[in-house]
Amino acid sequence: MARILSVDPVSRIEGHLKIETEIDSGVVTRARVAGNMYRGFERMLLGRHPVDSARIAQRICGVCHEVHGVSSVMALEEIYKVTPPENGLVLRDMILGLHIVTDHLLHFYNLCLPDYADLSVAATYSGSDTRLKEIAGWIRNSGTGFIGGAAEGDYIKDKDAVYRLTLHYFEALKIRSEAASGLALLGGKVPFIHALLPGGITTEITADTLMKYYHVLEKTADFVNNSFLPDALEIARRYPQYFKIGETYNAFYAHSSFKNAKGASLFNAGVIINGERKNFDYSKVKELLNASFYDNSGKPDENKKGAYSWIKAPRYEGFPLEVGPVARFAVNNDAGFKSLLGRFGSSGVTSSTMSRILARAYESVRLCNYLFERSEDFRLDEPTIRPVDLQAPITGQGVGFSVAARGALVHHITADKGKVTDYKMIVPSTWNFGPAADGRAGVVEKAITGTPVRFGGEGGSVEVGRVVRSFDPCTACSVH
Ligand code: NFE
């Protein structure tokens with residue numbers, strides 16, 4: 001007989017997410033994904049000076065602030081009809097790229113790894129490594145159990161593997177904190193960089209600033225190459241069944257991002273539906289509201305009949321599309337990622353629990369390599385910003401097609417006589433975590449359906465948690 005299992009809230013993610021599953025004969029037969037919060041930034045920005053949005057919009061999220069600033073400022077540049085000098089674009093790429101790598105580190109080590117490894121085993125360490133001794137003491141004394149110790153599940157428990165992974169869990173925190181100092185030097189402040197203006201970046205960049213950025217980039221790249229990618233591959237080798245669990249529609253969407261000075265991009269824009277690659281056309285994107293707590297005009301309506309989520313349901317020609325690193329590699333038919341998946345028997349770029357995890361590690365390697373090259377495009381004797389008359393009572397519309405760790409990001413601003421009159425965002429986690437609409441389940445709902453459930457009781461299924469977290473959920477962003 002079918003039983004209902006709800007996980008509310010899902011832990012180790014950003015924001016408040018509820019997963020409701022129907023389980024029959026040990027397999028999920030139906031899933032509902034619900035964003036359980038409302039933020040209201042699109043309404044909050046109405047009536048403000050357009051330029052304020054690049055700072056206010058960064059507050060949407062505690063994880064991916066920079067990306068909203070960049071997308072917002074790109075939209076503002078269309079309105080103010082200004083293009084930053086190359087230096088401004090280089091700095092933006094340096095900020096965005098390093099931020100995305102640190103976001104991937106946060107996901108893999110601190111949010112997702114405890115799904116696979118029982119890190120509480122590190123409390124048994126009694127060897128001579130001072131860092132591990134300190135960590136073991138900390139876990140023994142903390143009494144919080146926050147770092148693992150799940151009672152039931154097929155977790156990695158062999159000591160040497162857990163000691164190494166736990167060490168990396170803590171090293172990742174340190175790398176992220178150091179990278180944040182490098183980002184603050186370029187962006188003025190982290191979190192919520194404030195040097196972003198339409199036309200470029202206001203920070204004064206010196207040889208010293210660049211040296212400090214290279215230093216943190218080198219440390220981050222070293223960790224990504226020697227710990228992150230090998231650790232992700234180890235998880236993939238130990239859990240090969242997850243290349244067949246959590247599969248999606250394999251319909252994808254990505255924006256163009258990370259150009260070099262010659263105009264070539266690390267990622268090109270595109271859409272894949274039913275295996276066919278098409279050019280991306282923004283006019284084909286619609287946010288459906290059937291199962292979302294909004295009335296037809298988009299105003300919140302918490303009593304709406306049939307609604308179950310605060311997340312809207314974006315569709316492209318009616319299709320729910322997946323966004324994120326796998327989508328970027330699928331749209332770009334990336335040979336390196338295909339060959340990585342090929343080692344595990346996959347042909348082509350397909351989306352599964354494990355391919356999403358591997359994609360973040362592989363993308364981090366690619367981004368670090370790109371950032372070393374891209375930062376060489378910076379010229380110390382040239383400006384980072386073009387002057388713009390910000391006092392002008394500007395009227396116009398602009399769209400910023402940008403990139404975030406979790407996928408393609410759009411900010412769409414309409415201004416009238418110097419005030420925002422309409423603000424619309426279409427955000428990565430909205431694409432992935434949106435509800436069903438017009439008879440089609442949302443992307444994550446589809447991925448959960450079919451998941452075999454063996455471990456976990458009323459606290460939630462271990463396997464469903466793995467599928468959901470492999471998308472790196474951000475409910476704060478998704479409801480914005
Ligand atoms: Ni709040 Fe974010 C955005 C999402 S970055 S985490 O935009 O979704 O991936």
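Residues numbered from 1 in each chain as written. Predicted model: local features only at pLDDT ≥ 70, side-chain atom pairs only at ≥ 80, totals over all residues. Heavy atoms only, no water.

(A) Quick peek at the coordination of the nickel atom of the ligand. Here the nickel atom of the ligand is held by Cys61 (SG), Cys474 (SG) and Cys477 (SG), and the distances to it run 2.2 to 2.3 Å. Taken together, the 4 donor atoms coordinating the nickel atom of the ligand and their angles of 103 to 121° define a geometry best described as tetrahedral. Separating the nickel atom of the ligand from the iron atom of the ligand is a gap of 3.1 Å. Placement of cysteine 61 in the loop between helix H2 (53-56) and helix H3 (65-80) and of cysteine 474 in the loop between helix H13 (462-469) and helix H14 (475-479) is noted, with a sequence separation of 413 residues between them. (Donors = N, O, S within 2.8 Å, 3.2 Å for Na, K, Ca; no water. Tetrahedral: all angles 85-135°; square planar, octahedral: opposite > 155°, others 65-115°. Helix = DSSP H or I, 4+ residues; strand = E, 2+ residues; numbered from the N terminus.)

(B) Seen up close, the pattern of salt bridges. Applying the stated rule across the entire model yields 28 salt bridges. Ionic pairing is found between arginine 12 and aspartate 115, a salt bridge with its closest N-O pair at 3.2 Å. Taken together, the residues span a long stretch of sequence, with arginine 12 in the loop between strand E1 (3-7) and strand E2 (17-24) and aspartate 115 in the loop between helix H4 (86-112) and helix H5 (130-142) at a distance of 103 residues. Residue class for aspartate 115 comes out buried when judged on its relative accessible area of 5%. (Salt bridge = Lys/Arg side-chain N within 4 Å of Asp/Glu carboxyl O. Buried < 20%, exposed > 50% of the residue type's maximum accessible area, 1.4 Å probe, protein only.)

(C) Representation of the nonpolar core within the structure. Counting 146 residues, the largest nonpolar core has Ile19, Phe258, Phe337, Met354 and Ile448 as its most contacted members. In this structure, Phe280, Tyr316, Val399 and Ile426 belong to the second largest nonpolar core, which totals 15 residues. (Core = buried A, V, L, I, M, F, W, Y, C linked by side-chain atoms within 4.5 Å.)

(D) How the structure looks around the pairing of strand E14 (residues 407-416). Buried residues dominate E14, accounting for 9 of its 10 residues. Sheet topology places strand E13 (residues 396-404) next to E14; 9 bridges connect them, and they run antiparallel. Directly across from glutamine 397, in E14, lies its bridge partner threonine 414. Counted between consecutive antiparallel strands, the loop separating E13 from E14 contains 2 residues. Strand direction decides the pairing type here: E14 and strand E15 (residues 419-426), joined by 7 bridges, are antiparallel. Its bridge partner lying in E15, aspartate 416 is registered against lysine 419. If you look at the hairpin formed by E14 and E15, you'll find 2 residues sitting between the two strands, and lysine 417 has a positive phi there, around 45°. (Pairing = 2+ DSSP bridges.)

(E) Looking closely at the packing of H4 against helix H7 (residues 207-238). Closest axis-to-axis distance for the H4/H7 pair is 11 Å, and the angle between their directions is 35°. You can see that H4 and H7 cross each other, and the crossing is left-handed. Residues Met94, Leu98, Val101, His104, Leu105, Phe108 and Tyr109 of H4 lie in contact with H7, whose contacting residues are Leu210, Tyr213, Val216, Leu217, Thr220, Phe223, Val224, Ser227, Phe228, Asp231, Ala232 and Ile235. Grouping the amino acids of the contact of H4 with H7 by side-chain chemistry returns 15 nonpolar, 3 polar and 1 charged. (Axes fitted to C-alpha atoms, helices over the stretch in contact; angles between N-to-C directions. Left-handed = near helix turned anticlockwise from the far one by under 90°. Contact = heavy atoms within 4.5 Å. Nonpolar A, V, L, I, M, F, W, Y, C, P; charged D, E, K, R; others polar.)

(F) Focus on the site of the ligand. Of all residues adjacent to the ligand, which total 13 residues, the nearest are Cys61, Cys64, Arg406, Cys474 and Cys477. Contacts to the ligand include alanine 405, whose backbone N or O atom sits 3.3 Å from an oxygen atom. One of the side-chain N or O atoms of serine 429 is found 2.8 Å from an oxygen atom in the ligand. With respect to the pocket detection grid, the ligand is positioned in the second largest cavity. Secondary structure elements with two or more residues in the shell around the ligand: H3 and helix H11 (428-433). (Near = heavy atom within 4 Å. Polar contact = N/O pair within 3.5 Å; in protein donor to acceptor, adjacent residues only side chain to side chain. 1 Å grid on protein atoms, 1.4 Å probe; cavity = no way out; pocket = protein on both sides within 12 Å on 5 of 7 lines; lining within 4 Å. Sits in = over half its atoms within 2 Å of the grid points.)

(G) Quick peek at the sheet that holds strand E9 (residues 270-273). Across the sheet, 3 strands lie side by side as E6-E9-E10; this open sheet has antiparallel pairing. Two strands in the sheet have a free side with no partner beyond their single neighbour: strand E6 (252-254) and strand E10 (276-278). On average, adjacent strands in this sheet sit at an angle of 15° to one another, irrespective of strand direction. Where E6 and E9 come together, 3 bridges link them in antiparallel fashion.

(H) Inspection of empty space enclosed by the protein at higher detail. Within the structure shown, the criterion is met by 2 cavities of 30 Å³ or more. Volume-wise, the largest cavity comes out at about 90 Å³. Val323, Gly324, Pro325, Arg356 and Arg360 are, among the 14 residues lining the largest cavity, the residues nearest its centre. Among the elements of the structure, helix H8 (325-331) and helix H10 (353-375) are those that each provide at least two residues to the lining of the largest cavity. Grouping the constituent residues of the lining of the largest cavity by class yields 7 nonpolar, 2 polar and 5 charged. (Points joined across faces, edges and corners; volume = space filled by probe spheres on them.)

(I) Fine view of the UniProt feature "binding site: Fe cation" (unreviewed entry) in the protein. Feature annotation in UniProt assigns "binding site: Fe cation" (unreviewed entry) to the following positions: Cys64 and Cys477. For the residues just named, distributed over 414 residues, the greatest C-alpha separation is only 8.3 Å, placing them together at one site. From this annotated list, the subset lining the second largest cavity comprises Cys64 and Cys477. The topology assignment puts cysteine 64 in the loop between H2 and H3. Residue classification places cysteine 64 among the buried positions, given a relative accessible area of 4%. Position of cysteine 477 relative to the elements: it lies in helix H14. Judged by its relative accessible area of 3%, cysteine 477 is buried. Apart from the residues within four sequence positions on either side, cysteine 477 is in contact with Ile60, Cys61, Cys64, His68, Val427 and Thr430. (UniProt positions renumbered as here; feature names shortened; annotations may be inferred.)

(J) The layout of surface pockets, seen in detail. Taken as a whole, the largest pocket encloses approximately 570 Å³ of empty space. Together, 23 residues line the largest pocket, and Met74, Leu89, Arg92, Lys259 and Phe401 are the ones closest to its centre. Counting residues per element, the ones that place at least two in the lining of the largest pocket are H3, H4, strand E7 (257-259) and E13. Per-class residue counts for the lining of the largest pocket are 10 nonpolar, 6 polar and 7 charged.

(K) Geometry of the UniProt feature "binding site: Mg(2+)" (unreviewed entry) in the protein. The sites that UniProt annotates as "binding site: Mg(2+)" (unreviewed entry) are Glu42, Met425 and His480. In sequence the annotated residues extend across 439 residues, while in space they remain close, none of their C-alpha pairs exceeding 8.0 Å. Of note, glutamate 42 is situated in helix H1 (residues 41-44). Given the relative accessible area of 13%, glutamate 42 is considered buried. With near-sequence residues (within four places) excluded, glutamate 42 lies in contact with Lys312, Tyr423, Lys424, Met425 and His480. Within the secondary structure layout, histidine 480 lies in the segment after H14. A relative accessible area of 5% places histidine 480 in the buried class. Those residues in contact with histidine 480 that sit more than four places away from it in its chain are Arg39, Gly40, Phe41, Glu42, Ile60, Met425, Val427 and Thr430.

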